[in-house]
Structures are given as structure tokens and as C-alpha cells.
Amino acid sequence: MDPGHPKEKPAAADPAGDPAGGQDLHLFLQTLQTLWSTRELRQLREEAWKGFATLDEPLATLLDIMDASQGCGGRGPSLEAWVARELERWLQAHPRPGPAQGGPALKPLQARAVRLLTAGPPSLVEPLVSIFQLQDADRSPVLAHIHRLHQEGKFKEAIMLGTKLQLQADLDVEKMCVPLLLQDKVGLVERYVDSLPHLQRRLLALMDSWCQPGFDIRVVARRYPQATLKLERLSPRALGRQVLRLLEQYSLDPALCPSVATQQRLTALRYLCYKRLVERSMSQESWAELVQGLVGQDEWLQEQLLQLLASQDDVAMVAQCALDLSLPEERLPATVVAEMSQLRLQERMAKAPSEDGRDDCYRLPITREDIHFLASWEELARHEKALLQVCARLPRVAGARGCSPQPPGALATLACMTGPALPTEAAPPRPQRLPCCSNQSLCLQPGQVVGVDLEWRPSFGTGGRPRVSLMQVAVEGRVFLLDLPRLSSPAGGQAPHAFSRLMSRLLSDPSITKLGYGMAGDLQSLGASYPALAQAGQKLQGGLDLLQVHRQMRVADRPALAVDGAAGPRGLSLLVQQVLGKPLDKTQQLSNWDRRPLGEGQLVYAAADAYCLLEVYWALCREPARFHLPGSLPWSLGLGRSERHGTREPPLQKASASPRQVRSPEDVAPEVPARAFRVVCDSMLRGLARTLRCLGVDVRVLHSGEDHRQAAELRAQVGAGRCLAVDCSLKAQQQAKAVIRHFNVRVTPTDIFSRCQACNCDQYLKVSKDVMKQLVWLSVHPGGPGGAGSEAPHSDGEQETGSTPEEAPGGCTYNPTCRWLEDVDLQTRVPATLANGTRLQLAGIPAGVLRRPGLRHFYCCTGCGKVFWEGSHLARVTSNFQEVLEGTPRPASGPS
């Protein structure tokens, strides 16, 4: 924005050679320096732009200012850099003829600019390069300066200057990048090679060479004794992750980095050996296939595999693995070779018991004939057109497992202890199970529940992001396995269009409940594998992520269940064990899902992985109290998305399958002031509790150690209509808005921060800035002049630094009703303790806050001693809760 300038006046050349065109350069510079020292930026800009308008040769004048101010700068922003940036803006706003590019008038100016650049601060680089077009100037002086910076150990400044002037072609990429990599400044290196594929390849080849087995990075580091190195960040594993990230970022061939690929394969090999030989959670067939694919003909990896096998005590298992992989006997221990001979003679491979169908694991309750593998349009059509269309709702009949169609969301309880109970809403009729279609087709019906899962071949980080190979869709009595590569291939005829349409209907229909475990990650992988499904996560409606439910479950009176244990079943397998009694058999999880045809064990495993979601869901519906999930209120949908992808605003009522009922005026609770509203939250709603306290609500939180029977008794005492099930997948701010609306709570701007968020106390003491400085000083210098009656040195005469607090719109400030702190209120000053025994939390006050201009007083909570001061927090809270505040909110500054 142009701050205002007079029209340009023609100026005669100064006989003394003054380039300011009639304006004294020293006077102009002195005026700018005075305003710069006072940080009067608006006046400084106006004065600078007025001066620029009087210049005949602004470029030459800028260089004169640089010359005149050399040696005056220090640390931090410099005046000359500010003037250069302002002149650049002024020239953009007022285009005028200048020296022609490459012309005789510009070359001497460029030469002067280069000399100033080599002697000035780094902040001059960008404006001088832009104003004087230095990227096209003579490169010799700049290259010499970059080499000098490098010799002086100023590696960051050297690479930044080379990047800004686009000198990469004239500089050695290894020389420029190695010291920056050793200092863990990968971001600067990435900018240096940006949009330069040949340099990107050389950089990755260099980093890959550091990942070779036996390479010692300390040998390279000895060449840079003047640099502060971070070699702990350059372990082969950490460096390998960086290389893989850059390979994907630059879309380069992984074959460019063979050492990193070998390192990744070794890591995967060790993992597979652990899974098979120690944990024994993989089938022998899957293990042998994956290991063979990893090792191949690489002799070094073969040697590592032999060492891994030789370290195992189970000779029979090792011998079986060696036979499956056809390993050379001369490189195996004698005991293993002898066991291999016995295996051949006894043909134990054929007699070995099957690893499938373990009795100690979850068993699929449907027959093999009910598992349908679909890989073409013909197979889709074979199940009739019902596969591609949502069937009309069928008459309801009683089902064997009659259950509510609402999924058990991750819910927690809030009990209102104030005001009359809300009218109890009539419970919707209990929908029952839909009958199965007789033609065994994938018939997606409104109100139906389906289990969804995905499988892909494990890549162990060696081949980029793996492509999803299989999608399982389970309905009652049947599982459909969809061959995604074939169904999405353009060569599949009508199949891709039919498959995309089916997925769109399945995901976007809110009346069909989609069950998953970690749905957000699965849908992200699905969209990354198949562009036609890139919006799968955004289209999802009516999804229920059982992972979120799993994290909130409790069994009987035991502590909260672990979702991922250190040993034994984890994730979905653990959930199945906790709910259904037996874990999933995961021996096929790491098998080759790209192989066609899939093995029988893979087909059964894939079907069980999806069907178990239905059985878990039915069990939770039947016995929600067993897992401390609310069963008396409708369970909310919409929990399929991860919190990172955002959550929707909660409605006034929980969504249900029946048409939503609208409350009549007599059903609405009487309005209750925020400070008179009292609630009790269970331990899962700590974030909600803090947010409600922020709005002035009196909130008690049941601690995790309290008996949950106490919560149940509390619900019975407060009566119907005073308990609210809160969706734990929502953020605390959204939960608070739902509570305020549900109980018709009146919140005003004066209620905000009227109560301590930490301890719920509503009694504050106001403390002057000088007294707070004394107390903080005494807390840091307890043995200094001070005792109980002395004071710390006053700082009234100190020059306060820092930015002035931004004035809040409307002129509002934080000013709760409370009295000033007096001497009688302090039991002791060291440590600062109130008369009631509460110690003030002075360590949490940053030193800069005590020096902040405009800040006059602090507030301390008498309950916990927490200290507050005016900041921008109140304005943010007022803005976030604008729609539930009474009247027009006026954002203001508040406690920080």
C-alpha cells in the first residue's frame, strides 16, 4: 500500500555528486536511522517512500546508503536490508525506466552490489539479487566469495547464496552439500537441488554411498573440524529413511540407491525371521515366498540369512526353512544338515500338520462356499444386478441376534447437576435384522451393516507405497473378496466403472453402516492406490471405526484395555479376543497378496478379517454394559474419519435410524446461567471439562481411580434427561458446544475465564506487575536480599522490550471481579505461598512477559496457584464460541 508521496520533482544534479537529487544523503540516512531506532515503522516507511520519490537514480542511492551504513549494523534486522526491501516494493509500485539488462549503466552498479553482498549480512541477498538482477551479473566475484565462506566454515551462508544466485552449475554439489548433511540441515540441501534432476541424482548417490555396510561416517566428518556436527542423526537407518523419502519426492528410480535398498531388505529379513522363527505368527509357505523375494541372488543377503538361521535353537524349524529356500548345505551347521536329511527321508514336509484352522483362534462361522472371489465383470454380473444397486428396504423380520442398527461409538457420559430434567425423548423402535437375499449376491440394503477391510503385499519400505490388492466386504452370512487390480484395470471392460459406482454408493450411503478397524488409514491407502477412489475418505458417511471404540472399552472392573500390547495379540486380533474370546489367526497377514490365484489359507484369512467386524459389532450391541459402553442412548454414526481429518459439528440430538424428531418449545430446558451450571464428567472427558470451565461452568471430573459404579449411581440419582452421552471422537470445543445447546446454558463474554481451567476454582487475586516481578525475582534468588520483608530491585527504570499487546476489537480487556493481593494474603514470600497454603506457580511465567509494555497486572488462582495474564487467548475463545455466546461477542485479550 502506498503510504503517500508527493509528485516527483525534477532535481538538478548535485554539483557535489549527491545522488539524492537535491536531498542531502546524510540527512536522509540520519532521519531513517532515528526512526529505525524508535521502531516507528509506519512513519519510517512514509519518510523512506517520500525520499525515494525525490531520487533521480534510486539504484545508485541505495548503494550509497549501503556504503554509508557499513559497520553500523549488529545482530538482528539491519536498516540497510529494510531500506533495500522497501525500495524494491517502491519500484514495483512505481515502475520507471532503469538501466537496461546487460547495458553499460547496469554493469558498474551490479559490480558494486556484488561487493556489498559479499561484505554485508545475509538479509541483503534477496533484495539485492532482485533489484540489480545479480543472477545475470558477472559470477566470478560471487563464486570467489562463496568459496571464501566455505573455507571459513560458513557453510549455511555459502549454500544459501549459491541457491539464491542459481550458481549450482558452477559449484561442486558434494562440496556444498556434505557439511550441511553432517549438520542435519537437509532442508537447505533440498532447496539447493530443487528442480535440478541431475543434482538430485548425484545427491542421492552420495547419501546412498554412506549407507554401505561398514561405512564410517566419522571419516567424512573429520574433514570439517570447524562445524558443529550431528552425527547421531546420520545412522544408516535414519539416513536410509531420508533417502527413501527423497526418492519418492523426486520420483527417481529406487535402483539409483542400491545400498539403501539392501539395507531395507535386511531389515525386512530380520523382521520376517522374527515373525516366523520366534513369534511363529506366519505360515511357512508365506515366509518362504517373501524371504526368497527379498534375498534373491544377493550373496551378502544370503550370508545374513544364514547367520540369522544359525542363531536359532529350533533345529527342526531351521532345517525346514533351509529346505524351502534350497540353501547350500555346506554353509549350514552340521546339526541342521542332519535334520534336513531326516526330513527328506521321512517326507515330513507332506506329513506336517496344517497350520490353518487353529482351534485356539477365531473360526469363521460361514462355509467356504459363502466366500466369493470376484475379479471380472462376468463374475460381478454372475451375482445379478443386485450387486451394483441398493435394494429397496425389505420387510423387517425378527432376527436371531436382534440388535440396534446404531453402532457403539466411542462415547462417554456427562451428568447435569443443575436445573430440571429435560423431557425424556421417546426411544425409537428397535429395528431388527434384515433377511438374507436368496441369490447370495452382494445386496447393499438401507439399514444394513457391512464389514470392510483391505489387504496388500508387504513392501517393508523397499518399493514405495504398496498397492492395495484385495478388498473384503462382509455382510451377514457371506463375504465378497474384490480383486482390486483386475476390477480397476482399464482392460477389464465394464468392471472399472461398475466397481467405482459400487464403492461410491457403499461409502456415501449413510444408511449403510460401514465397520472397519483403522478406517482412515485404509481409505487413504485405497485412494493412493487407485486414483478413481482418491476421494474415498471424503465420501465416507455412516462409518464406524472400531479402533476408536476399542480405545474406550473397559471390561468389568479391570483397567482400560490396551489396544496394542507389547506381546500377544494386538490391534484387531486383540479386540476379537477381548470381545469374542479368541484372537484372530494372523499367520497369513504378511503373505503375498499380489499372487494369483490366492491360496486357500489366504482366502479364509481375508474373509475372517472382515467378518469378525460384524461379530464384534453384534456382541457389543448385545452387551454394551459389559464393556462400559452406553446402551440406553442411541449410538452416533460418523466415527469413521480420523480426528486429523476433521469432525463434524454434533447435532442437538444423536442421529438415529428413524426420522429426526424436533423438540417443541415446551421440551426445551429452562435457560441456566453458565456460572450456575454444574456438571460431572467421567474420566474420558477431561478436555471437555477444561473447555467448559473456560466458559465459567462448574465441572467435576471423576478420576480414573474412582469406581465406575459411582458414575452409574450418579446417573441414577440425577434422573432422566440430565445425562448426556458425549461423542469422544469429537474435539473438546465441539463437545462443549453440544453440551451448551443441549442444556440451554447462557454464556456471556464475562463468563469466559471466570473459573480456573486446571482446578475449577473461581476465586482469583489480582497482583500488580511490580509485585509479581518481586515475587519472581525472589523465587529465582531465594538467598538474595530479600527475606520476608525485603523487596527485589525495582525495574521501573528499565527499558521494556518486546511488542506491545495488540489492541482488542471493541476495547475489551480481561477484568474478572476480584480483589488485589495484599501482604496479609501471603503466608511467605519465599516460596510465594498464599495464606491458605497454596504455592504460586511462578515458574510458568516467561521472563519476556514481565517486560511486556502495556501489561499492568496478573491474576493468580487461589485454588492451585496458577498465574494468568492478559494475552490473546480470550479473543480466540470468544471467536470460537461466537455462536453460543449471548448477544454480540466482543473479542478481547485475555489470560494466556
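Below you will find a few notes about this structure. Bear in mind the structure is a predicted one, so any value in this text is a computation, not a measurement. (Residues numbered from 1 in each chain as written. Predicted model: local features only at pLDDT ≥ 70, side-chain atom pairs only at ≥ 80, totals over all residues. Heavy atoms only, no water.)

What follows concerns the overall build of the protein. Broken down by element type, the protein carries 33 helices and 19 strands. Taken across its 896 residues, the protein has 48% of its residues classed as buried. When contacts within the protein are restricted to residue pairs at least 6 apart in sequence, those whose partners lie at least 24 apart make up 71%. Counting only carbon and sulfur atoms, one obtains 51% of the accessible surface of the protein, whose full area is about 43900 Å². (Helix = DSSP H or I, 4+ residues; strand = E, 2+ residues; numbered from the N terminus. Buried < 20%, exposed > 50% of the residue type's maximum accessible area, 1.4 Å probe, protein only. Contact = heavy atoms within 4.5 Å. Areas by Shrake-Rupley, 256 points an atom, 1.4 Å probe, with all protein chains shown as cover.)

This paragraph deals with unusual backbone geometry. The omega torsion of the bond from arginine 596 to proline 597 falls at 0°, within 30 degrees of zero and hence cis. Examined against the element boundaries, proline 597 turns out to sit in the loop between α26 (571-580) and α27 (600-622). Cis peptide bonds are those with omega within 30 degrees of zero, and the linkage from valine 830 to proline 831 qualifies with -5°. Examined against the element boundaries, proline 831 turns out to sit in the loop between β15 (826-829) and β16 (832-834). A positive phi angle, close to 55°, is found at serine 251, a residue other than glycine. Considering the arrangement of structural elements, one finds serine 251 in the loop between α13 (236-250) and α14 (258-278). The exposure class of serine 251 is exposed, given its relative accessible area of 65%.

What follows concerns the pairing of strand β10 (residues 698-701). Alternating residues of β10 divide into Val699 and Val701, all buried, and Asp698 and Arg700, none buried. Relative to β10, strand β9 (residues 678-681) is paired through four bridges, and the arrangement is parallel. Across the sheet, the residue bridging to valine 679 is valine 699, located in β10. One crossover worth recording links β9 to the parallel β10 by way of helix α28 (residues 686-694), and it is right-handed. (Pairing = 2+ DSSP bridges. Right-handed = clockwise from strand over helix to strand, strands pointing away.)

Moving on, we get to empty space enclosed by the protein. On inspection of all chains with the given rule, the structure shows three cavities of 30 Å³ or more. Estimated volume of the largest cavity: approximately 80 Å³. Together, Val452, Asp453, Leu454, Leu515, Gly516, Tyr517, Gly518, Met519, Asp522, Leu523 and Leu526 line the largest cavity. For the lining of the largest cavity, the secondary structure elements donating two or more residues are β3 (449-456), β6 (513-516) and α23 (519-529). It is α23 that provides the largest number of residues to the lining of the largest cavity, a total of four residues. Grouping the amino acids of the lining of the largest cavity by side-chain chemistry returns seven nonpolar, two polar and two charged. (1 Å grid on protein atoms, 1.4 Å probe; cavity = no way out; pocket = protein on both sides within 12 Å on 5 of 7 lines; lining within 4 Å. Points joined across faces, edges and corners; volume = space filled by probe spheres on them. Nonpolar A, V, L, I, M, F, W, Y, C, P; charged D, E, K, R; others polar.)

Attention now moves to the pattern of salt bridges. The tally for this structure, following the rule as stated, stands at 24 salt bridges. Residue aspartate 216 is joined to arginine 218 by a salt bridge in which the shortest nitrogen-to-oxygen separation is 3.0 Å. What makes aspartate 216 partly exposed here is its relative accessible area of 27%. Judged by its relative accessible area of 52%, arginine 218 is exposed. Two residues, glutamate 285 and arginine 595, come together in a salt bridge whose shortest N-O distance is 3.6 Å. In this pair, glutamate 285 is assigned in helix α15 (residues 284-295) and arginine 595 in the loop between α26 and α27, connecting sequence segments 310 residues apart. Residue arginine 595 is classed as partly exposed on the basis of its relative accessible area of 22%. When salt bridges with common partners are traced through the structure, they connect Arg45, Glu86 and Arg89 into a single cluster. (Salt bridge = Lys/Arg side-chain N within 4 Å of Asp/Glu carboxyl O.)

With that settled, consider the nonpolar core. The biggest cluster of nonpolar side chains holds 80 residues, and the ones touching the most others in it are Phe52, Leu62, Phe132, Leu134 and Trp210. Contact partners of leucine 62, with chain neighbours within four places excluded, come to Val83, Ala84, Leu87, Leu128, Ile131 and Phe132. Membership of the second largest hydrophobic core comes to 41 residues, among which are Leu546, Val579, Tyr611 and Leu629. (Core = buried A, V, L, I, M, F, W, Y, C linked by side-chain atoms within 4.5 Å.)

This next bit is on the sheet that holds β3. On the basis of which strands lie adjacent, the open sheet formed by six strands has the order β1-β5-β4-β3-β6-β7 and mixed pairing. Only two strands of the sheet have a single neighbouring strand rather than two, namely β1 (371-374) and β7 (543-545). Going across the sheet, the axis of each strand differs from the next one's by a mean of 25°, ignoring polarity. Examined bridge by bridge, β6 and β7 share three bridges and lie parallel to one another. Note that in β7 the partner of lysine 514 across the bridge is glycine 543. Running over the sheet, α27 touches β1, β3, β4 (468-475), β5 (478-483), β6 and β7 and is turned about 145° from β3. (Axes fitted to C-alpha atoms, helices over the stretch in contact; angles between N-to-C directions.)

The values reported here are purely geometric and, on their own, carry no functional implication.
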